Amino acid sequence: MIVKDDTTKLGQGILGACVLLVGIAIGFAAKPETWRHEPPQAIARVEPRSGDRLPDPTQPPMKRAETTPAEQDNDLPTLYVDLAPRAAARIQAVRDRAHARGQILQEPGDMVKATVRVGEQTVQARVRIKGDWLDHLRGDKWSLRIELKDGTLFGMSRLSIQSPATRGYLWEWLIMAAARRDGLLAPRSMFVNVVVNNNPTGIYYLEEHFTKELLESQGRREGPIVRYVEDTFWTEYFQHGQHRGKTKVPKTIEPSQQVIAAEVSAFGERRLAQSESLARQLGQALSQLRFIQDRMASQPQISADALHRAERAIRSEGRSIDSVLDTRSLADMHALVNLFRSSHAIMWNNRRFYHNPVTDRLEPIVFDTLAGTLMGSRDPIGMATWTTREFLKSPTYYNRLFERLSELAAPEYLETLFEELEPELSRYAKLLRDEGFHVPQTDTEAIKNQLYDQQVFLRELLRPMDGVNFDCRLMSDDPMEGRSTGTLEVEAWATTRVPVVLKGFRFGNDRFVSARQSIAKQNPAVSRIDDDRNAVVLPNDGRRVVFRFPIDERLAGLRDIRAIKQAVRSGSEKDISVKLSLQAEYRYIGNQEKRVEELSIRRFGTGWEDEGGRPDSPTLDDVLTRHAFLSHDPDRDALTVRTGAWDVDGDLIIPHGLGLHIGPGVTLRFDAGAAIIATNALLFEGTSGDPIVLGPKPGVSTWAGIVVIEAAARSVWRHVSIRDTDVVTRGGWVLTGGVTFYRSPVELYDCTISDARGEDALNIYDCDFLLERVTIDGAASDAFDGDFVTGIIRSCTFSRTVEDAVDVSGSDVQVIDSRFVDIGDKCVSAGENSTVRVRGGVVESASIAIASKDSSHVDIADMEVRYVENYVLAAYIKKPEYGPSSIIAANLTIWDAGRGLYLVQSPCKIELDG
C-alpha cells in the first residue's frame, strides 16, 4: 500500500534479518499481486508493472509521487492520506515487523501523524497499521486505523480502511447495513478510493470505529462502549506458536485464552472520565462486564481452581445476565449472524457493548463478523461459543433468539432487504469486479443464493414435526372419601431445542383453560411471552412441566363425571379410555400457526407432591405486602391505589408486565431518592377538583420521580400534579428526567410538573406522545426534552426554566398555541435532524424564542413574541457532524427583540414572510 512497487511477503515463523531478505527476494519472484484469500483461479491475475523494483532498504520505504493523481471516475469518494517521510518509515517498519513475526502486534510509537483529506476537507490525524493477521498487509493494500484530531470525515472521528478482501468484499458491508436496518448498533461502512502520498491504491472498505458518533448516528445517547481486552489472549497465543499451525493449546496457558482472564476497558476512557455522569456509567459498564466474567468462571467446565470459582459464584449469586445485558438485542444479533453464518462476531474477543444510560443494560454492537466465510455451524445453537452458551441460559435471550430467527427465515425478510439495498449492492459489486476482484464474494446472485439457502435450512429447523410430547392421567384427590371426581394431570415437555409456546387445554365441552391458569406449583421454571401472557414457554432442555385440573361440571359432562367418579372410587384402571375429550393447543415461538394435539387419558395413579444499578422487578406478592395501599385487579392485570394520602416505603416498583391505575383523590408521598419504576402503562385518572398528587414526604425536599421503560401499552394521565422531582441516580444508572418515558408512548392532559431539579423536568425518548394543557413550572434545566420522538404539544404552558422550554433532537414535533414565560434560554430548540412546526402561541419572556440547529428545520406561523433578551430566531450548527439548519417564519408579531430579530450562521437559512 505505502510502497506501490512493494512485492514482499514473509512465510510465517521466519526469523532473522537474513532470512527476511531471502523471503523478500522469493516473494518478488512469486508475483504477490495475485496473493488473496481466494483460490487463485477465482482471481484475475495482475502482471508486474514496468519498472517494478524492490525498495532500497537504506532509504525511507515510501517515496511520494511527484504529482497528484487524477480523481477516480467511479463515483466513490476519494480519501487522501499524506505521511511525512519519517512517519512513512515507521509504518513500513511496523509492516516488516509483522511479517517477521507472522502476526500484527501493536507497540508504543506505532501511531504516526498524518494529514487526511476528502474533497475540500482536510483534517490532521494519527494513523497506524491495524488488524491482527497478515491479510491486513497483503499486496499494496495495507489496513490503517485513522484517528482525526479535530472534526469528522463522513460524520466519523475515528475510522479504519482496509482491503475489501479482509472484510469479505461485499459481505461485511451487507451484514452491517442489515444490522442497522434492524435496529442493532453497527459501525457505518462504505467503499472509497484511497490515495497515499499521491499513490493511488484502489478501492478500500471504510469502517467506523467505536465513538459517540456511531451511537448518535443510530439514535442512542452518548455512553461508554466497552470490551474484553484480548491482548493476553494474543500474547500467549503467539508465544506458544499457535499462529504456526499448532492445534493444541498447552493446558498451562488455557485460562489465558478464555474471557475470565481478560481485562475490561472502554474506548475513549480519558474523555469519559472528564464527565461525572459518563464516568459513573463507565464504572457501571465495566462492573457489568466483570459480572459476566464471574458467571463464566463459576461454571465447572471453566479452567479455574475451585476456590476461585466459588468466590466468583458468590459475587454473581442472585443475579441473572438479564440484569446487566440487553438480552433481546443480544439475541437479535445472534440470529442475524446465524443467517449470515458467522460465529466470529459472537466470540468473546470480538464482542463490543454499549452501556445504555437509560436502561442500565449493555447493548451489543455488531462487529468483525467475517460474514460470507461460512464459519461455524448452520445451527444457531451449534454455532454458539461457550460464552454465548451462558447467555442461552436466559429465557429472555433464548426465546427471543428463536423468535427473531423465525422472522429472519421468512422469505419476505431477504426480499425486502435486497430491494432496499440493491442499488448500492450492485454498484459496489461492479466496482470491485472492475478492480480485479472476480470472486464469489462480489457476485450478488451468489450472495443471495447463500442467504436464501440458510433461510430454507432455518425454516425447516424451526418447525419440528413433533416438537412436544404429553402424558395425561386421572388421579384421585381423596379415594378413601370418594367425594371427588379426581384431578386431571398433564405433563408436557419439549422434544427439541425449539421453544414451544403452550397456550392451554380445550375440553370436549369447548371449555378452554390457559396454560398459565392451570400450571401446578413448584414446577421447573417456565417463561412467558409478551404477546400472550396466558401462555407459557416450555423449558428447552426437556424438563417436564405439570398442569392440573380438578374435574367438575365446568370441564366435563355429567355422564362423564359419574364414570370418572366410579373409576376413581373403585381404583379401576381397566377402562383407560374414559370418555373425556382433551386437546392441547400450542405453537412454536415466532410462528403464529396454532397446532392441536388430542390427548389420551391413559391411566389412573397417585398424585404427585407439589414441587416446590436498576432494581429488579419484584413479585406481585412482594409488592402487595410492602405497599398496603395497593391492590391487584386481575381483570385488567394491573395494580390499583386506594383513595387517600399515602406515604410510600422506598421505591414503588411495578412488577414486570403489570400496569398501575390511580384514580381521583390519591396523594403519594415518597422518600428522598425513591421513584416509581414501571415497564407497563401508567393510567392516572384524576379530576380538576380532585387531582392526583405525587411528591416528596413532609420534610423531604425532592424525590427521584417516575420512570417508564419499554412499555408496550400507552400511558394516559389526566389532572396529575408532579412536584419536586430530581432524577434517578443509582450507581451507573443515571437518568436525566424527573419524569421519564423511554420507548413508552404517553398522553398527558391537564397535568402540572413543578419545581423539577433534574436536567429535564419531562424526558420522552423514542416513542410518540401528546401533551395537552400541560404546565411545566420551574425547571433547573430544560422543561421538556424529546429524543427521537414524534408528538404534539398543544395549549401548554412553560415557565421559569433555567435552560430550554422545549428541546428536541432527532424528532418530529408540533407545538400549537403554547405559552412561554421566563425561559432562561430557548423556548423551542430543534436539534440533530429534527422537524418542528410551531403554530400560534406567545413568548412573554425568554433569551431566544426559536432555535434550529444541526440539520434541523423549524416552520413557524402566527406566533406573538412580546420580549426576548437576545434574538427571536436563531439558526446555526452546533455539532460539526451535522449540516446546516433552517427556519421558515410567517406572520410573526414581535414587540421587543433585545439584540435583534435573527441570528444566522452561514450556510444556515432563515426565511421571513417569503
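Predicted, not measured: the structure shown is a model, and the values here were computed from it. (Residues numbered from 1 in each chain as written. Predicted model: local features only at pLDDT ≥ 70, side-chain atom pairs only at ≥ 80, totals over all residues. Heavy atoms only, no water.)

> How would you sum up the overall build of the chain? Please name residues and give values.
Helices and strands together make up the secondary structure of the chain, namely 16 helices and 57 strands. Within the chain, the proportion of its 914 residues that are buried is 56%. As displayed, the chain offers around 37,800 Å² of accessible surface, 49% of which is attributable to carbon and sulfur atoms. (Helix = DSSP H or I, 4+ residues; strand = E, 2+ residues; numbered from the N terminus. Buried < 20%, exposed > 50% of the residue type's maximum accessible area, 1.4 Å probe, protein only. Areas by Shrake-Rupley, 256 points an atom, 1.4 Å probe, with all protein chains shown as cover.)

> Talk me through the environment of Ile692; I want residue IDs and the actual numbers.
Note on placement: Ile692 falls in strand β30 (residues 692–696). A sequence separation of 47 residues divides Ile692 from Ala645, and the C-alpha atoms of the two residues are 9.9 Å apart. Excluding residues that lie within four positions of it along the chain, Ile692 makes contacts with Ile662, Gly663, Val666, Phe684, Glu685, Gly686, His719, Val720 and Ser721. (Contact = heavy atoms within 4.5 Å.)

> Account for the sheet that holds strand β11 (residues 361–365), naming residues and giving values.
Taking strand neighbours across the sheet as the criterion, the 4 strands line up as β9-β8-β10-β11 in an open arrangement whose pairing is antiparallel. Only two strands of the sheet have a single partner each, and these edge strands are β9 (264–266) and β11. Neighbouring strand axes in the sheet, compared pairwise and without regard to direction, differ in orientation by 35° on average. With 3 bridges connecting them, strand β8 (residues 225–228) and β9 associate as antiparallel partners. Considered in β9, the bridge of Tyr228 is made with Val264. (Pairing = 2+ DSSP bridges. Axes fitted to C-alpha atoms, helices over the stretch in contact; angles between N-to-C directions.)

> Give a description of the packing of helix α11 (residues 395–409) against helix α13 (residues 444–461) that names residues and reports values.
Relative orientation of the contacting elements α11 and α13 amounts to 130°, with a least axis distance of 9 Å. Comparing their axes, α13 and α11 come out oblique. Where α11 crosses over α13, the handedness of that crossing is left-handed. Residues Leu405, Leu408 and Ala409 of α11 form the contact with α13, whose participating residues are Gln455, Leu458 and Arg459. Across the contact of α11 with α13, the residue classes tally to 4 nonpolar, 1 polar and 1 charged. (Parallel < 35°, antiparallel > 145°, perpendicular 65-115°, else oblique. Left-handed = near helix turned anticlockwise from the far one by under 90°. Nonpolar A, V, L, I, M, F, W, Y, C, P; charged D, E, K, R; others polar.)

> I'd love a proper account of the pairing of strand β3 (residues 121–129), names of residues and values included.
Pairing of strand β2 (residues 112–118) with β3, which is carried by 7 bridges, proceeds in the antiparallel orientation. Of the residues in β3, the one forming a bridge with Ala114 is Ala125. Between β2 and β3, which follow one another and run antiparallel, lie 2 residues, and Gly119 among them has a positive phi close to 60°. Two elements, β3 and strand β4 (residues 144–148), share 5 bridges in a ladder whose sense is antiparallel. Residue pairing in the sheet places Val127 in a bridge with Ile146 of β4.

> Hey, could you go over the nonpolar core for me, with residue numbers and the actual values?
Counting 145 residues, the largest nonpolar core has Leu79, Ile146, Phe340, Phe470, Leu502, Phe505 and Phe547 as the members making the most contacts within it. Sort the elements by how many residues they give to this core and helix α12 (residues 411–434) lands first, with 10 residues. Formed by 78 residues, the second largest nonpolar core is a distinct cluster that contains Leu660, Ala674, Ile676 and Ala756. (Core = buried A, V, L, I, M, F, W, Y, C linked by side-chain atoms within 4.5 Å.)

> Go over empty space enclosed by the protein, please, and point to the residues and values.
Any empty space left between atoms is shown by rolling a water-sized probe over those atoms. Put simply, the second largest cavity is a space of about 50 Å³. Taken together, Tyr228, Val259, Ile292, Met296, Trp348, Arg351, Phe353, Thr387 and Phe391 make up the full set of residues lining the second largest cavity. Elements with a minimum of two residues in the lining of the second largest cavity: α7 (276–297) and α10 (386–391). (1 Å grid on protein atoms, 1.4 Å probe; cavity = no way out; pocket = protein on both sides within 12 Å on 5 of 7 lines; lining within 4 Å. Points joined across faces, edges and corners; volume = space filled by probe spheres on them.)

> Which residues make up the sheet that holds β3, and what are the values?
Read around the closed barrel, 7 strands run β1-β2-β3-β4-β5-β7-β6, paired in mixed fashion. On average, each strand axis in the sheet is tilted by 40° relative to the strand beside it, whichever way the strands run. Note: strand β6 (residues 189–196) against strand β7 (residues 199–208), 7 bridges, orientation antiparallel. Looking at β7, one finds that Asn193 is bridged to Ile203.

> Now, about the side chain of Ser744: what can you tell me, with residues and values included?
Its place among the elements puts Ser744 in the loop between β36 (737–742) and β37 (746–749). Since its relative accessible area comes to 0%, Ser744 is described here as buried. At 3.4 Å, the side chain of Ser744 forms a polar contact with the backbone oxygen of Val708. A polar atom in the side chain of Ser744 sits 2.9 Å from the backbone nitrogen of Ala711. (Polar contact = N/O pair within 3.5 Å; in protein donor to acceptor, adjacent residues only side chain to side chain.)

> Just give me the short version of the side chain of Arg352, but keep the residues and values in it.
Along the chain, Arg352 falls in strand β10 (residues 352–356). There is a polar contact of 3.1 Å between the side chain of Arg352 and the backbone oxygen of Asn349.

> How would you explain helix α3 (residues 171–181) if you had to name every residue and give the values?
Buried residues dominate α3, accounting for 9 of its 11 residues. Check the buried side of α3 and you find it contacts β6, β7, α9 (327–339), α12 and α13. Positive backbone phi, approximately 90°, marks Gly183, located one or two places after α3.

> Describe the pairing of strand β54 (residues 886–890), naming the residues involved and giving the relevant values.
Pairing analysis gives 5 bridges linking strand β51 (residues 857–861) to β54, with the strands arranged parallel. Bridged to Ile860 within β54 is Ala889. Looking at chain direction, β54 and strand β57 (residues 909–912) are connected through 4 bridges and run parallel. What sits directly across from Ile888, in β57, is Glu911.

> Let's hear about the packing of aromatic side chains: which residues, and what values?
Throughout the structure, instances matching the rule amount to 24 aromatic pairs. On the basis of an interplanar angle of 85° and a centroid distance of 5.3 Å, the ring pair of Trp173 and Tyr428 is categorised as edge-to-face. On the criterion of sequence distance, the pair formed by Trp173 in helix α3 and Tyr428 in helix α12 is long-range, its members being 255 residues apart. Of the two residues, Trp173 and Tyr428, neither departs from the other in class, the shared state being buried. Its guanidinium or amino end placed over the ring of Phe418, Lys448 lies 5.2 Å from that ring's centre, counting from NZ or CZ. The cationic tip of Arg718 hangs over the ring face of Tyr749; the distance from NZ or CZ to the ring centre is 4.3 Å. (Phe/Tyr/Trp six-rings, centres within 6.5 Å; stacked < 30°, edge-to-face > 60°. Lys NZ or Arg CZ within 6 Å of the ring centre and 35° of its normal.)

> Now, about the packing of α3 against α12: what can you tell me, with residues and values included?
Packing of α3 against α12 brings their axes to within 11 Å, and their N-to-C directions diverge by 135°. Between α3 and α12, the angle is such that the two are oblique. For the pair α3 and α12, the crossing hand works out as right-handed. Residues Trp173, Leu174, Ala177, Ala178 and Arg181 of α3 form the contact with α12, whose own contacting residues are Tyr413, Thr416, Leu417, Phe418, Glu420, Leu421, Glu424, Leu425 and Tyr428. Partitioning the contact of α3 with α12 into residue classes produces 10 nonpolar, 1 polar and 3 charged.

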